[in-house]
Amino acid sequence: MSEIQRQVFDADTRGIPFIDEGEGPALVLLPAQGLDVAYLGGLASILEEEGFRIVRIGSRRPGTDAATMHDLAQDVVDLLDHLSIGAAWIGGHAFGGAVARTVALDHPGRASGVLLLGVEATRPLSDDAARALKSAFSAPVAAPDESAVRSLVGPGIDIALAWDVFARSRDLEVEELQSAALASTPVAEWATLAASLPILIIQGDEDPITPPANGDDLQATATDRTSVVRLPGTGHLFPVTHPGETAFQIEDYLGWD
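As the structure is a computational prediction, the values presented were derived from the model and not from experiment.

Conventions used here
Residues numbered from 1 in each chain as written. Predicted model: local features only at pLDDT ≥ 70, side-chain atom pairs only at ≥ 80, totals over all residues. Heavy atoms only, no water. Helix = DSSP H or I, 4+ residues; strand = E, 2+ residues; numbered from the N terminus. Rg over C-alpha atoms; globule rule 2.2 N^0.38 Å. Buried < 20%, exposed > 50% of the residue type's maximum accessible area, 1.4 Å probe, protein only. Phe/Tyr/Trp six-rings, centres within 6.5 Å; stacked < 30°, edge-to-face > 60°. Pairing = 2+ DSSP bridges. Axes fitted to C-alpha atoms, helices over the stretch in contact; angles between N-to-C directions. Salt bridge = Lys/Arg side-chain N within 4 Å of Asp/Glu carboxyl O.

**Student:** Just checking my understanding: could you explain the overall build of the protein chain for this structure?
**Tutor:** Looking only at helices and strands, the protein chain has eleven helices and eight strands in total. Taking 2.2 N^0.38 as the reference for a compact globule, 257 residues should give roughly 18 Å; the C-alpha atoms of the protein chain span a radius of gyration of 17 Å, in line with that estimate. On the principal axes, the C-alpha backbone points of the protein chain span a range of 45 × 40 × 40 Å. Burial analysis of the protein chain (257 residues in total) assigns 56% to the buried set.

**Student:** Can you help me understand the packing of aromatic side chains in this one?
**Tutor:** The geometry of an aromatic ring pair is captured by the separation of the ring centres together with the interplanar angle, meaning the angle of the planes. A full pass over the atoms with the stated rule returns three aromatic pairs. Here Trp89 and Tyr253 contribute two aromatic rings whose centre-to-centre distance is 5.9 Å and whose plane-to-plane angle is 80 degrees, an arrangement assigned as edge-to-face. Taken together, the residues span a long stretch of sequence, with Trp89 in strand β5 (residues 88-94) and Tyr253 in helix α11 (residues 243-254) at a distance of 164 residues. You can call Trp89 buried: its relative accessible area is 8%. Taking the centre distance of 6.0 Å and the plane angle of 40 degrees together, the rings of Trp163 and Phe166 count as tilted. Of the two residues, Trp163 and Phe166 are both situated in helix α6 (residues 159-169); the distance of three residues between them amounts to about one turn of the helix. Each member of the pair, Trp163 as well as Phe166, carries the same accessibility label: buried. What links up through ring pairs into an aromatic cluster is the set Phe137, Trp163 and Phe166.

**Student:** Is there a simple way to think about the sheet that holds strand β8 (residues 226-231) in this case?
**Tutor:** Hydrogen bonding along the main chain pairs the strands of a sheet, whether they run parallel or antiparallel. The strand order β1-β2-β4-β3-β5-β6-β7-β8 describes an open sheet built from eight strands, whose pairing is mixed. Strands with a single pairing partner mark the edges of an open sheet, and in this sheet they are β1 (6-9) and β8. Between one strand axis and the next, the sheet turns through 20 degrees on average, direction left out of account. Alignment of strand β3 (residues 26-30) against strand β4 (residues 53-57), held across four bridges, turns out to be parallel.

**Student:** Looking at this structure, how should I read the pattern of salt bridges?
**Tutor:** Taken as a whole and assessed by the stated rule, the structure comprises 14 salt bridges. The salt bridge involving Arg56 is made with Glu21; its shortest N-O contact spans 2.8 Å. Taken together, the residues span a long stretch of sequence, with Arg56 in strand β4 and Glu21 in strand β2 (residues 16-21) at a distance of 35 residues. Arg56 sits in the buried class, given a relative accessible area of 3%. The buried category is assigned to Glu21, whose relative accessible area is 1%.

Read these as layout, nothing more, since geometry by itself doesn't imply function.
The structure is reproduced here in C-alpha coordinates:
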(Lines give C-alpha, C1' and ligand atoms only; values in the text may rest on other atoms or scores of the structure.)
Protein backbone atom coordinates (compact mmCIF):
# COMPACT_ATOMS: atom_id res chain seq x y z
CA MET A 1 0.00 0.00 0.00
CA SER A 2 1.27 3.46 -0.84
CA GLU A 3 2.02 6.00 1.83
CA ILE A 4 -1.03 8.12 2.48
CA GLN A 5 -0.36 11.84 2.56
CA ARG A 6 -2.87 14.63 2.92
CA GLN A 7 -2.27 17.52 0.56
CA VAL A 8 -3.89 20.88 -0.13
CA PHE A 9 -4.67 22.17 -3.60
CA ASP A 10 -4.82 25.91 -4.32
CA ALA A 11 -3.78 26.54 -0.73
CA ASP A 12 -3.82 30.33 -0.90
CA THR A 13 -7.36 30.61 -2.29
CA ARG A 14 -9.63 27.59 -2.03
CA GLY A 15 -7.55 25.37 0.24
CA ILE A 16 -9.04 22.10 -1.03
CA PRO A 17 -7.79 19.07 0.96
CA PHE A 18 -7.19 15.83 -0.90
CA ILE A 19 -5.58 12.43 -0.57
CA ASP A 20 -4.34 10.60 -3.66
CA GLU A 21 -3.43 6.95 -3.17
CA GLY A 22 -2.89 3.88 -5.27
CA GLU A 23 -2.41 3.14 -8.95
CA GLY A 24 -4.87 2.01 -11.58
CA PRO A 25 -8.23 3.31 -12.84
CA ALA A 26 -9.17 6.47 -10.96
CA LEU A 27 -12.15 6.73 -8.64
CA VAL A 28 -12.96 9.99 -6.87
CA LEU A 29 -14.61 9.88 -3.43
CA LEU A 30 -16.30 13.03 -2.12
CA PRO A 31 -17.40 13.20 1.53
CA ALA A 32 -20.82 13.92 2.95
CA GLN A 33 -21.79 17.41 4.07
CA GLY A 34 -19.80 18.70 7.01
CA LEU A 35 -17.32 15.83 6.99
CA ASP A 36 -13.63 15.64 6.20
CA VAL A 37 -12.16 13.08 3.79
CA ALA A 38 -10.63 11.16 6.71
CA TYR A 39 -13.71 9.05 7.45
CA LEU A 40 -13.57 7.47 3.99
CA GLY A 41 -10.10 6.10 4.70
CA GLY A 42 -11.15 2.51 5.38
CA LEU A 43 -13.10 2.26 2.14
CA ALA A 44 -10.31 3.96 0.21
CA SER A 45 -7.68 1.57 1.59
CA ILE A 46 -9.64 -1.52 0.57
CA LEU A 47 -10.24 -0.20 -2.92
CA GLU A 48 -6.60 0.76 -3.28
CA GLU A 49 -5.57 -2.78 -2.37
CA GLU A 50 -7.86 -4.00 -5.14
CA GLY A 51 -5.97 -1.96 -7.73
CA PHE A 52 -7.76 1.37 -7.87
CA ARG A 53 -6.36 4.87 -7.69
CA ILE A 54 -8.51 6.57 -5.08
CA VAL A 55 -8.64 10.36 -4.90
CA ARG A 56 -10.48 11.67 -1.86
CA ILE A 57 -11.38 15.33 -2.33
CA GLY A 58 -12.70 17.54 0.44
CA SER A 59 -14.46 20.89 0.28
CA ARG A 60 -12.93 24.28 -0.40
CA ARG A 61 -12.59 26.50 2.64
CA PRO A 62 -15.06 29.34 3.18
CA GLY A 63 -13.97 32.59 1.55
CA THR A 64 -15.35 35.98 0.69
CA ASP A 65 -17.39 34.71 -2.27
CA ALA A 66 -20.36 32.38 -1.91
CA ALA A 67 -20.01 29.05 -3.72
CA THR A 68 -22.60 27.23 -5.79
CA MET A 69 -22.76 23.53 -6.59
CA HIS A 70 -21.19 24.43 -9.93
CA ASP A 71 -18.22 25.97 -8.13
CA LEU A 72 -17.74 22.84 -6.01
CA ALA A 73 -17.91 20.70 -9.15
CA GLN A 74 -15.30 22.93 -10.80
CA ASP A 75 -13.06 22.40 -7.77
CA VAL A 76 -13.13 18.66 -8.43
CA VAL A 77 -12.28 19.09 -12.11
CA ASP A 78 -9.48 21.56 -11.36
CA LEU A 79 -7.94 19.07 -8.95
CA LEU A 80 -8.21 16.27 -11.50
CA ASP A 81 -6.39 18.54 -13.94
CA HIS A 82 -3.73 19.14 -11.30
CA LEU A 83 -3.29 15.37 -10.95
CA SER A 84 -3.31 14.83 -14.74
CA ILE A 85 -6.42 12.67 -14.53
CA GLY A 86 -8.68 12.92 -17.57
CA ALA A 87 -11.85 10.93 -17.00
CA ALA A 88 -12.65 9.12 -13.76
CA TRP A 89 -15.55 7.55 -11.96
CA ILE A 90 -16.87 10.30 -9.71
CA GLY A 91 -18.36 9.11 -6.45
CA GLY A 92 -19.69 10.68 -3.32
CA HIS A 93 -21.44 9.98 -0.05
CA ALA A 94 -24.78 11.82 0.31
CA PHE A 95 -23.93 15.51 -0.36
CA GLY A 96 -20.71 14.35 -1.99
CA GLY A 97 -22.86 12.47 -4.47
CA ALA A 98 -24.73 15.68 -5.27
CA VAL A 99 -21.40 17.27 -6.15
CA ALA A 100 -20.52 14.18 -8.21
CA ARG A 101 -23.76 14.53 -10.19
CA THR A 102 -22.95 18.19 -10.81
CA VAL A 103 -19.50 17.29 -12.12
CA ALA A 104 -21.07 14.85 -14.58
CA LEU A 105 -23.62 17.44 -15.73
CA ASP A 106 -21.24 20.39 -16.02
CA HIS A 107 -18.18 18.63 -17.43
CA PRO A 108 -19.08 16.03 -20.05
CA GLY A 109 -16.20 13.69 -20.65
CA ARG A 110 -14.66 14.01 -17.19
CA ALA A 111 -16.96 11.44 -15.55
CA SER A 112 -16.80 7.84 -16.73
CA GLY A 113 -19.70 7.09 -14.43
CA VAL A 114 -21.25 8.22 -11.16
CA LEU A 115 -21.15 6.37 -7.84
CA LEU A 116 -23.68 7.45 -5.23
CA LEU A 117 -23.24 6.21 -1.66
CA GLY A 118 -26.71 7.18 -0.53
CA VAL A 119 -28.70 9.69 -2.55
CA GLU A 120 -29.05 13.30 -1.39
CA ALA A 121 -32.72 14.24 -1.23
CA THR A 122 -34.30 17.05 -3.18
CA ARG A 123 -36.79 17.51 -0.33
CA PRO A 124 -36.28 18.29 3.38
CA LEU A 125 -35.29 15.58 5.84
CA SER A 126 -37.85 14.14 8.20
CA ASP A 127 -37.98 15.91 11.56
CA ASP A 128 -36.40 12.94 13.36
CA ALA A 129 -33.55 12.65 10.85
CA ALA A 130 -32.88 16.39 10.95
CA ARG A 131 -32.75 16.34 14.75
CA ALA A 132 -30.38 13.39 14.79
CA LEU A 133 -28.05 15.03 12.30
CA LYS A 134 -28.06 18.34 14.18
CA SER A 135 -27.30 16.57 17.48
CA ALA A 136 -24.48 14.53 15.97
CA PHE A 137 -22.80 17.64 14.60
CA SER A 138 -23.22 19.72 17.75
CA ALA A 139 -22.28 17.22 20.46
CA PRO A 140 -18.82 17.70 22.01
CA VAL A 141 -16.20 15.22 20.83
CA ALA A 142 -15.97 13.71 24.31
CA ALA A 143 -19.75 13.47 24.83
CA PRO A 144 -21.62 11.70 22.03
CA ASP A 145 -25.37 11.87 21.65
CA GLU A 146 -25.83 8.10 21.58
CA SER A 147 -29.34 8.25 20.14
CA ALA A 148 -28.16 10.46 17.28
CA VAL A 149 -25.16 8.25 16.57
CA ARG A 150 -27.34 5.13 16.54
CA SER A 151 -29.61 6.74 13.98
CA LEU A 152 -26.57 7.36 11.76
CA VAL A 153 -24.86 3.98 12.03
CA GLY A 154 -27.79 1.57 12.26
CA PRO A 155 -28.04 -1.57 14.38
CA GLY A 156 -25.21 -3.73 15.66
CA ILE A 157 -22.46 -1.10 15.51
CA ASP A 158 -20.33 -0.10 18.49
CA ILE A 159 -21.39 3.45 19.32
CA ALA A 160 -18.06 4.47 20.85
CA LEU A 161 -16.02 3.36 17.86
CA ALA A 162 -18.41 4.90 15.35
CA TRP A 163 -18.50 8.17 17.27
CA ASP A 164 -14.71 8.35 17.43
CA VAL A 165 -14.48 8.20 13.62
CA PHE A 166 -17.43 10.50 12.98
CA ALA A 167 -16.68 13.19 15.56
CA ARG A 168 -13.06 13.51 14.55
CA SER A 169 -14.05 13.80 10.89
CA ARG A 170 -16.52 16.64 11.39
CA ASP A 171 -15.59 19.67 9.33
CA LEU A 172 -17.95 22.28 10.72
CA GLU A 173 -16.14 25.11 8.97
CA VAL A 174 -17.42 24.04 5.56
CA GLU A 175 -20.91 22.84 6.50
CA GLU A 176 -22.47 26.28 6.17
CA LEU A 177 -20.74 26.85 2.82
CA GLN A 178 -22.10 23.54 1.52
CA SER A 179 -25.63 24.25 2.74
CA ALA A 180 -25.52 27.62 1.00
CA ALA A 181 -24.26 26.00 -2.21
CA LEU A 182 -27.24 23.66 -2.25
CA ALA A 183 -29.68 26.45 -1.43
CA SER A 184 -28.34 28.76 -4.15
CA THR A 185 -28.36 26.18 -6.96
CA PRO A 186 -31.60 25.14 -8.69
CA VAL A 187 -32.32 21.47 -7.96
CA ALA A 188 -32.38 20.50 -11.64
CA GLU A 189 -28.80 21.75 -12.01
CA TRP A 190 -27.40 19.13 -9.63
CA ALA A 191 -30.03 16.42 -9.09
CA THR A 192 -30.54 15.38 -12.71
CA LEU A 193 -28.51 12.47 -14.04
CA ALA A 194 -26.12 13.26 -16.85
CA ALA A 195 -27.08 11.62 -20.13
CA SER A 196 -25.64 8.23 -21.11
CA LEU A 197 -23.43 7.67 -18.06
CA PRO A 198 -23.72 4.50 -15.96
CA ILE A 199 -24.83 5.08 -12.37
CA LEU A 200 -24.21 2.83 -9.37
CA ILE A 201 -26.22 3.58 -6.23
CA ILE A 202 -25.32 1.86 -2.97
CA GLN A 203 -27.47 2.59 0.05
CA GLY A 204 -28.02 1.53 3.61
CA ASP A 205 -31.38 -0.11 3.96
CA GLU A 206 -31.86 1.45 7.41
CA ASP A 207 -30.57 4.93 6.53
CA PRO A 208 -32.90 7.74 7.72
CA ILE A 209 -30.73 10.54 6.30
CA THR A 210 -30.52 9.39 2.69
CA PRO A 211 -33.27 6.74 2.77
CA PRO A 212 -33.40 4.00 0.14
CA ALA A 213 -36.50 5.59 -1.41
CA ASN A 214 -34.27 8.41 -2.66
CA GLY A 215 -32.20 5.98 -4.69
CA ASP A 216 -35.26 4.14 -5.97
CA ASP A 217 -36.76 7.42 -7.16
CA LEU A 218 -33.54 8.38 -8.94
CA GLN A 219 -33.21 4.97 -10.57
CA ALA A 220 -36.71 5.36 -11.99
CA THR A 221 -35.50 8.33 -14.06
CA ALA A 222 -32.90 6.21 -15.88
CA THR A 223 -33.70 2.55 -15.38
CA ASP A 224 -31.62 1.41 -18.35
CA ARG A 225 -28.31 2.55 -16.87
CA THR A 226 -28.81 2.82 -13.13
CA SER A 227 -28.09 -0.04 -10.73
CA VAL A 228 -29.14 0.01 -7.09
CA VAL A 229 -27.73 -2.11 -4.28
CA ARG A 230 -29.01 -2.10 -0.70
CA LEU A 231 -26.71 -3.19 2.10
CA PRO A 232 -28.81 -5.03 4.71
CA GLY A 233 -28.75 -3.77 8.29
CA THR A 234 -26.75 -0.63 7.51
CA GLY A 235 -27.33 3.02 8.29
CA HIS A 236 -26.22 6.32 6.85
CA LEU A 237 -22.56 5.83 7.67
CA PHE A 238 -22.27 2.47 5.90
CA PRO A 239 -19.08 3.56 4.04
CA VAL A 240 -17.49 3.67 7.51
CA THR A 241 -19.25 0.83 9.29
CA HIS A 242 -19.27 -1.60 6.34
CA PRO A 243 -16.32 -0.64 4.12
CA GLY A 244 -15.67 -4.19 2.96
CA GLU A 245 -19.22 -4.76 1.76
CA THR A 246 -19.28 -1.34 0.11
CA ALA A 247 -15.95 -1.91 -1.65
CA PHE A 248 -17.08 -5.32 -2.88
CA GLN A 249 -20.14 -3.84 -4.56
CA ILE A 250 -18.04 -1.14 -6.24
CA GLU A 251 -15.42 -3.61 -7.48
CA ASP A 252 -18.03 -6.12 -8.61
CA TYR A 253 -19.92 -3.49 -10.62
CA LEU A 254 -16.94 -1.82 -12.22
CA GLY A 255 -15.28 -5.11 -13.08
CA TRP A 256 -11.77 -3.71 -12.86
CA ASP A 257 -8.93 -6.16 -12.33
